[in-house]
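# Report on the structure
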Amino acid sequence: MEVRTRFAPSPTGFMHVGNLRTCLYGYLFAKKNNGKFILRIEDTDQERYVEGAVEIIYNTLKKAGIEHDEGPDKDGGVGPYIQSERKAIYLEYAKKLVELGGAYYCFCDKERLDSLAGENGIKKYDKHCMNLTPEQVQQKLASGVPYVIRQNIPQDGVSSYNDMVFGEIAVPNADMEDGILIKSDGMPTYNFANVVDDHLMNITHVIRGMEYLSSTPKYNLMYDKFGWERPQYMHLPPIMRDATHKLSKRHGDANFEDFLEKGYLVPAIVNYIALLGWAPSDNREKMSMAELMDAFDIKGISKSGSILDEAKMKWLNSQYIKELSEDEFVALAKPFFEKSKAAGKYDYKKLAKLLIPRVEILSDIPSKIDFLEEFEGYDKELYENKKNKMDKQIAVEILEKCIPKFEQTDDYSEENLQAIISEIIEQGGYKKGQVFLTIRLALTGAQMTPGGATEMADLLGKQETVRRLKYSLEYLKG
Ligand code: GLU
């Protein structure tokens, strides 16, 4: 039997990383088993619908490198793949379920439903409309009384199934409510649509968030009533912000787009998300999509929630950044260069060379290069602070020797500048570190820079290098 999994997002806004992980696992599981991965848009809840959210779903999948085999834009013969276009199908099957005794029409109005609240405030429907005769039902339908269709759940017994991640799940039928399957507007609820669609779309493995773990017995009761084969279920534990809180949309920063904005690279995001709740048997950490596909195995899925550790995610991202060529880095980093004070003023490729080993996420870039434009001269305090080993007089001496040499040459290559500085060190008998630091500080005024004295001089170019050295010399002397 061909394995078929599906991703069934509701178009409610940006793609939360939890949803993206569900999507990824569905994709990996299908591909690992030479199966098909289906995209279905669950848009029956009109109130939660957000304009543009369907495009976000497509774009996210595309960017992440997750390719669906079937979906609204790729017909596989079991469509439509958008739930709002399947309204008639749900109604047809709901009626069938009524005939089979698995559901019934309910005409109770709000007032009656409100009156059902028990002492604890829980309103469990009391099967009132089950008592209507078929004639009464027909009469009400004919006279246009608003109705919903409810599931008829047995009052005794236990419903159970074996979840591929969580094992045996058993829920007493008495704990479940006769939930609404078709709403008064004729639209199905998730509770009904997921069953009908997963069956009609021949889904073999339902992979979704854990919030559906305990309602799945209800769905199975419907499969059984219809005489349909139940799918296998794989419910996934939540992604956590910390030990006790789920990573929620409200908390922000939890969407795929947020991570892109922060300057994470797509393969790093996908890689990290894959590891949130799953680990390969050899505990590898850096994995490409092809490697994930090859290694994915439900045995590695954990039952407990996993904490999204941004420090770890940044580290992983830095590993991907280190593999970029300078050109690739420039292309990806452009928006971040543009945000810095140094925007447009330096050779981005030269900056790339300095930054590739030094940034974890691309949004680190502005803070790493802003100093280039914040130059205000030598940090005098550094020399007046007795604790450090810098000597102001020696710094003056070094700069006085350095300036004419930097003025005379036009070759600002690393090798040439190194040779010039080495000469100054030898002739003056200075300590190496002292000379490099003096020049670097004179050029940047910053204690931390991505790269040393020669790299800074190369970046700034001759004219600006000499101007800054002179400025710092005067400043130090003054
Ligand atoms: N539309 C549901 C959601 O976004 C899908 C759940 C499922 O995969 O069945 O939560």
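Please refer to the structure higher up on the page.
Residues numbered from 1 in each chain as written. Predicted model: local features only at pLDDT ≥ 70, side-chain atom pairs only at ≥ 80, totals over all residues. Heavy atoms only, no water.

What follows covers the packing of helix H16 (residues 392-408) against helix H19 (residues 453-477). Closest axis-to-axis distance for the H16/H19 pair is 10 Å, and the angle between their directions is 145°. Viewed along their axes, H16 and H19 form a crossing whose handedness is left-handed. For the pair H16 and H19, the contacting residues are Lys392, Ala395, Val396, Leu399, Glu400, Cys402, Ile403, Phe406, Glu407 and Gln408 in the first and Ala457, Lys462, Thr465, Val466, Leu469, Lys470, Ser472, Leu473, Leu476 and Lys477 in the second. Looking at the contact of H16 with H19 residue by residue, the class counts come to eleven nonpolar, three polar and six charged. (Axes fitted to C-alpha atoms, helices over the stretch in contact; angles between N-to-C directions. Helix = DSSP H or I, 4+ residues; strand = E, 2+ residues; numbered from the N terminus. Left-handed = near helix turned anticlockwise from the far one by under 90°. Contact = heavy atoms within 4.5 Å. Nonpolar A, V, L, I, M, F, W, Y, C, P; charged D, E, K, R; others polar.)

The next thing to look at is the pairing of strand S4 (residues 148-151). Where burial is concerned, the two faces of S4 agree: the one with Val148 and Arg150 and the one with Ile149 and Gln151 are both buried. Across four bridges, strand S3 (residues 103-106) lies against S4 in antiparallel orientation. Paired with Tyr104 across the strands is Arg150, a residue of S4. Two elements, S4 and strand S7 (residues 180-182), share two bridges in a ladder whose sense is antiparallel. By the bridge assignment, Arg150 is partnered in S7 with Ile180. (Buried < 20%, exposed > 50% of the residue type's maximum accessible area, 1.4 Å probe, protein only. Pairing = 2+ DSSP bridges.)

Glancing now at the site of the ligand. Lining the immediate environment of the ligand, one finds Arg6, Ala8, Ser10, Glu42, Tyr190, Arg208 and Tyr212. Separating a nitrogen atom of the ligand from a side-chain N or O atom of Ser10 is a distance of 2.9 Å. Between Tyr190 and the ligand, the recorded distance is 2.4 Å, taken from a side-chain N or O atom to an oxygen atom. For the ligand, whose free accessible area comes to 300 Å², the fraction covered by protein is 85%. Counted by class, the shell around the ligand contains three nonpolar, one polar and three charged residues. (Near = heavy atom within 4 Å. Polar contact = N/O pair within 3.5 Å; in protein donor to acceptor, adjacent residues only side chain to side chain. Areas by Shrake-Rupley, 256 points an atom, 1.4 Å probe, with all protein chains shown as cover.)

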